[in-house]
Amino acid sequence: MDGMSLSDIGGILAMQGFNGLSLFCVLLLMALGLAIIFGQMGVINMAHGEFMTIGAYTTFLSSHVASNYFPALASSYFLLAIVASFIIAFGLGYLVEYLMIRHLYRRPLDTLLATWGLSLGMQQAFRSTFGAKEVSATLPDWLMGSWQPTAGVDIPLNGLFVMALTIVLTGGILLLLFRSDFGLQVRATVQNRTMANAVGINTKLVDRITFALGCGIAGIAGAAFTTIGSTGPTSGSLYIVDTFLVVVFGGAQSLLGTVASAFGIAQAQSISEFFMTSSMAKVLTLAAVILILLIRPEGLLRVKVRR
Amino acid sequence: MANPVLAIEDLTVSFDGFKAVDALNLYVEANELRVVIGPNGAGKTTLLDLICGRTRATAGTIKFKNRELTRMAEHQIVRAGVGRKFQTPSIYENLTVFQNLELSFPRGRGVFGCVAFKLTPDVENRVHEIAKMIFLEDRLGDQADLLSHGQKQWLEIGMLLMQDPELLMLDEPVAGMSVAERKQTADLLNKISDNRAVIVIEHDMEFVKNIAHRVTVLHQGKILAEGSMDKVQADPRVIEVYLGH
Amino acid sequence: MKLMYERILGGKQGMMGLVVLCALLFVVLPLTFDLFRLNLIGKYLSYAFVAVGLVLCWGYGGILSLGQGVFFGLGGYCMAMFLKLEASDPESTKIQSTPGIPDFMDWNQLTALPKFWEPFHSFTFTMFAMLAVPALVAFILAVAMFKRRVGGVYFAIITQAVAAILTILIIGQQGLTGGVNGMTDLKTLHGWDIRTDSAKYILYFVNCVLLVGAILVSRYILSGKLGLLLLAMRDKEERVRFSGYDVSNFKIFVFVNAAMISAIGGAMFVLQVGFMSPSLVGIIPSIEMVIFAAVGGRMSLIGAVYGTLLVNFGKTYFSESFPQLWLFLMSALFISVVMFFPNGLAGLYEKYGKAWIEKRIGAWRNRGAAPRPAPQQT
């Protein structure tokens, strides 16, 4: 380590820490939508990754349309694309809940299998429509480049953007669930469906919107990922197991737990990557999560329920 | 009291600060039929949950034939001789009445015992014997979900009798039964308490009068009163809290 | 004798099903298809082991494992290691920098055989390890989870994670395992060349015998009190626990059994196909094996075999002719089996097929009889 000054090491730590934070945001964005669906409704959506991919492809399409037909929008299309991703993913999620999920509520294992089947179909649909090769959106200028607070510390702007988006989204979801009327209805339905029905809450509609919301958030996550990497038909399946582990590890019922768990897992993985190959780091992290789950099946933050 | 078969001392369980059962002392003798009554939320079902191991106590001891139950796993408590009936009939709906009873026979409870288990005459005889006691001997071939609510309660009692427990705990055994069925159940309980200790939770005072040797009244996790039915019914505190004027 | 008839052969019904299956596997298929296709069918039948295991742990035990590829792979890799060592004798590998070790180790600059490979020189050890290693892994997983009452969805996701971990490990440790290419160039089993035509025929029949054996063993397990108990556990686990049974022990038992049966399938795969790779271990192959069991009927041991054959035939046929269509078909198959045909082909047979067959048999029996006189009008 000759020739490395303190500020160099500090720079490396800052960037490594930033990598960890970046990974944290990625995991959290993916896990948020899933936490709502799985944590609040107990529904396993193995096609969650594909809803993300829908958002990514929507962004790609928007970028394509903007650069070819509306060059003036080259900078601003991105934010519109995020909104579009949400809307499309939300709509599709709504449809899927109506056609499939609502018939399977009492059968969680079957929901798992059926949504896996759905993910296969969606992947093939992507392949047939966009081709098997990966595609990328052309990022607007304000997302390119990096921020250099001090010499030697290079923080990519797109990473900062993803972070900001994550914070805004997490805050928004927490507000929605805990401060809004709709959130109240969702929590009521989850805690006591019969009573919620009895006081006039349309639990079926609440379920449908909640599921669609989770999918919509996945869409936004997908849009955000176009800033970090390219998109292919199977991009969603890269992260599905990680995402589930994040949600389960954090305590399926607790959103705060999901945040903590995403943070922990991301840091564990990026720190281990410093010392070993990235595949071994992944193995180590997965194994550690499983081990901890075996010791404490409820996850990190348990919502205590009286029997 | 002469050596009680069930000795509960200082039993406490708290859920997030709320004490469902609070420093409870309770003693039940062999051959006694004890009825536990009290308003909702008094801790009656929780008491049964604690004894059979479904809920873990926060403090206190439960000694059954001098064995400490609070440290044992549920199935070990059952094998030690404790049988528990749940509030809603907990039977195997997709199996026949015969199969429900057969599965409750206390042999071949380990994995390999199960694989090697043979339906020998002694098991069959016992199934028929118990089926007769619970008024279901002509329904042995029927699937359990076809039984009426009252018959399902009887089936569950029968399943417990197959185990031949020394302590039998019944949670609201006559809920949902007609008057005639209640009379039959009262006769059944009186017969089976002959050689075992029985704890019954009930709300139907007529039924309680028919079966109880002694009555314990629970309120807010503590014992409010204890004694014969007459004594308890006359107790002003019990009238205030539960029985009404 | 009664024991044999009732419990293992499954009484009259079970016997019939078994006879039909054996006729198909031992007579019809070998006579209909050429060796190349038969070998392919043998490959499918090695997957069928996993499906049979799933009937045991998923259909009856209610335990959905999305990582059966792990056990298939462990069994397969054990067999592959033995075969690879045999194929890497110093004579054949003399062009390597280090003769006497498998080629992929040589490519990765290893100079000596890793310690854990040594025992696989022995066939006895390999046979033992092939069953013991998957059983041990399954046992550890099962004890850790079922004793803590982790079930259902959590268990399924954790099995997925385990499958992912094993795949990454195998691919990452190229020098030790052959990495993403797996172990190839397997030639002889104890000197017997497994690549010859006669060997392939023999291995096909061995596979079928073992498969039927696995079905009979599973039948024996399920037909007694244990099968009844598993059904009771799925219905009311608590009541079973409060009848004096340690529920977790039963779950562990079926899960370990399913793992061992899958491992045998893995070994037969290696023998018939001649290689083993991580592409059979991970999440995707594991979930495909679940679909085999689901299509056949998750409660039917014999159905599992038919389901495996059907889906794999479909896969081969469609992915050759209409590759895009195949994945859509798979997707539709998944969804429709789960939503509309939870008992798969076996369930359909029970509902419609049996009645139809009985009618046909009845008509055949009554052939040539005089038409019945019309009922007397009164």
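If you're wondering where the values come from, they're calculated on a predicted model, not measured in any experiment.

### Let's talk about the interface of chain B and chain C
Here comes step 1: Counting residues at the interface gives 33 residues for chain B, matched by 22 residues for chain C.
Here comes step 2: The contact between chain B and chain C buries some 2600 Å² in all, and 60% of this surface belongs to carbon and sulfur atoms.
Here comes step 3: When the buried area of chain B at its contact with chain C is split by residue, Y92, L103 and V115 of chain B rank highest and sum to 25% of it.
Here comes step 4: One salt bridge in this structure joins R239 of chain C and E156 of chain B, with 2.6 Å as the shortest N-O distance.
Here comes step 5: If you look at where chain B meets chain C, you find 13 residue pairs in polar contact (both at pLDDT 80 or more).
Here comes step 6: The set of elements that each furnish at least two residues to the side of chain B that touches chain C consists of α2 (74-79), β6 (82-85), α3 (97-103), α4 (111-116) and α6 (149-163) of chain B.

### Details of the environment of A156 of chain C
Here comes step 1: Secondary-structure assignment places A156 of chain C in helix α7 (residues 152-172).
Here comes step 2: Given the relative accessible area of 0%, A156 of chain C is considered buried.
Here comes step 3: Distance from A156 of chain C to L64 of chain C, taken between C-alpha atoms, is 5.7 Å for residues 92 residues apart in sequence.
Here comes step 4: Setting aside its immediate chain neighbours within four residues, A156 of chain C contacts L109 and L112 of chain A together with L64 and L66 of chain C.

### A short note on the pattern of salt bridges
As a working rule, side chains carrying opposite charge can pair if their charged atoms are close by.
Here comes step 1: Applying the stated criterion across every chain, the model contains 32 salt bridges over all chains.
Here comes step 2: Notably, a salt bridge pairs R54 of chain B with E238 of chain C, separated by 2.5 Å at the nearest N-O pair. Of this pair, R54 of chain B sits in the loop between α1 (44-52) and β4 (59-64) while E238 of chain C sits in helix α10 (residues 225-241), each in a different chain.
Here comes step 3: With relative accessibility at 26%, the residue E238 of chain C sits in the partly exposed group.
Here comes step 4: Taking the shortest distance from any N to any O, the salt bridge between D171 of chain B and R84 of chain B comes out at 3.6 Å.

### Here we look at the sheet that holds strand β10 (residues 222-227) of chain B
Residues and elements named next belong to chain B.
Here comes step 1: Overall, mixed pairing links the six strands, which are arranged β6-β7-β8-β3-β9-β10 in an open sheet. Two strands close off the open sheet at either side, each with one partner strand: β6 and β10. On average, each strand axis in the sheet is inclined to that of its neighbour by 15 degrees, with strand direction left out of account.
Here comes step 2: Sheet analysis places strand β7 (residues 167-171) next to strand β8 (residues 197-201), joined by five bridges and oriented parallel. Bridge pairing in β8 places L170 opposite V200.

### Topic: the nonpolar core
Here comes step 1: Counting 265 residues, the largest nonpolar core has L101 and L155 of chain B together with L45 and F255 of chain C as its most contacted members.
Here comes step 2: Other than its neighbours up to four places away in sequence, L101 of chain B contacts V127, I130, A131, L140, L155, G158, M159 and M162 of chain B.

### Here we look at the interface of chain A and chain C
Here comes step 1: Chain A puts 40 residues into the contact, and the matching count from chain C is 38 residues.
Here comes step 2: Between chain A and chain C, a total of about 3300 Å² is buried, with carbon and sulfur atoms accounting for 81% of that surface.
Here comes step 3: For chain A, the biggest contributors to the area lost against chain C are L109, L113 and L294 of chain A; these three give 19% of the whole.
Here comes step 4: Our count for the contact surface shared by chain A and chain C stands at one salt bridge.
Here comes step 5: For D110 of chain A, the salt bridge is made with R298 of chain C, and the minimal N-O distance between the two is 3.6 Å.
Here comes step 6: There are three residue pairs in polar contact (both at pLDDT 80 or more) connecting chain A and chain C.

### With respect to the sheet that holds strand β2 (residues 18-28) of chain B
Residue and element names in this part refer to chain B.
Here comes step 1: The sheet built from four strands is open, its strands ordered β2-β1-β4-β5 with antiparallel pairing. Where the open sheet ends on each side, the last strands, each with one partner, are β2 and β5 (67-68).
Here comes step 2: Relative to β4, strand β1 (residues 6-15) is paired through five bridges, and the arrangement is antiparallel. Of the residues in β4, the one forming a bridge with E9 is T61.

### Side note on the environment of I291 of chain C
Residue and element names in this part refer to chain C.
Here comes step 1: Secondary-structure assignment places I291 in helix α12 (residues 283-296).
Here comes step 2: A relative accessible area of 2% means that I291 is categorised as buried.
Here comes step 3: Sequence separation of I291 and F334 is 43 residues, and the distance between their C-alpha atoms is 6.7 Å.
Here comes step 4: Beyond its immediate stretch of four places on either side in the chain, I291 contacts V311, L333 and F334.

Conventions adopted
- Residues numbered from 1 in each chain as written.
- Chains lettered and ligands numbered in written order.
- Predicted model: local features only at pLDDT ≥ 70, side-chain atom pairs only at ≥ 80, totals over all residues.
- Heavy atoms only, no water.
- Contact = heavy atoms within 4.5 Å.
- Buried area = accessible area lost by both parts, 1.4 Å probe.
- Salt bridge = Lys/Arg side-chain N within 4 Å of Asp/Glu carboxyl O.
- Polar contact = N/O pair within 3.5 Å; in protein donor to acceptor, adjacent residues only side chain to side chain.
- Helix = DSSP H or I, 4+ residues; strand = E, 2+ residues; numbered from the N terminus.
- Buried < 20%, exposed > 50% of the residue type's maximum accessible area, 1.4 Å probe, protein only.
- Pairing = 2+ DSSP bridges.
- Axes fitted to C-alpha atoms, helices over the stretch in contact; angles between N-to-C directions.
- Core = buried A, V, L, I, M, F, W, Y, C linked by side-chain atoms within 4.5 Å.

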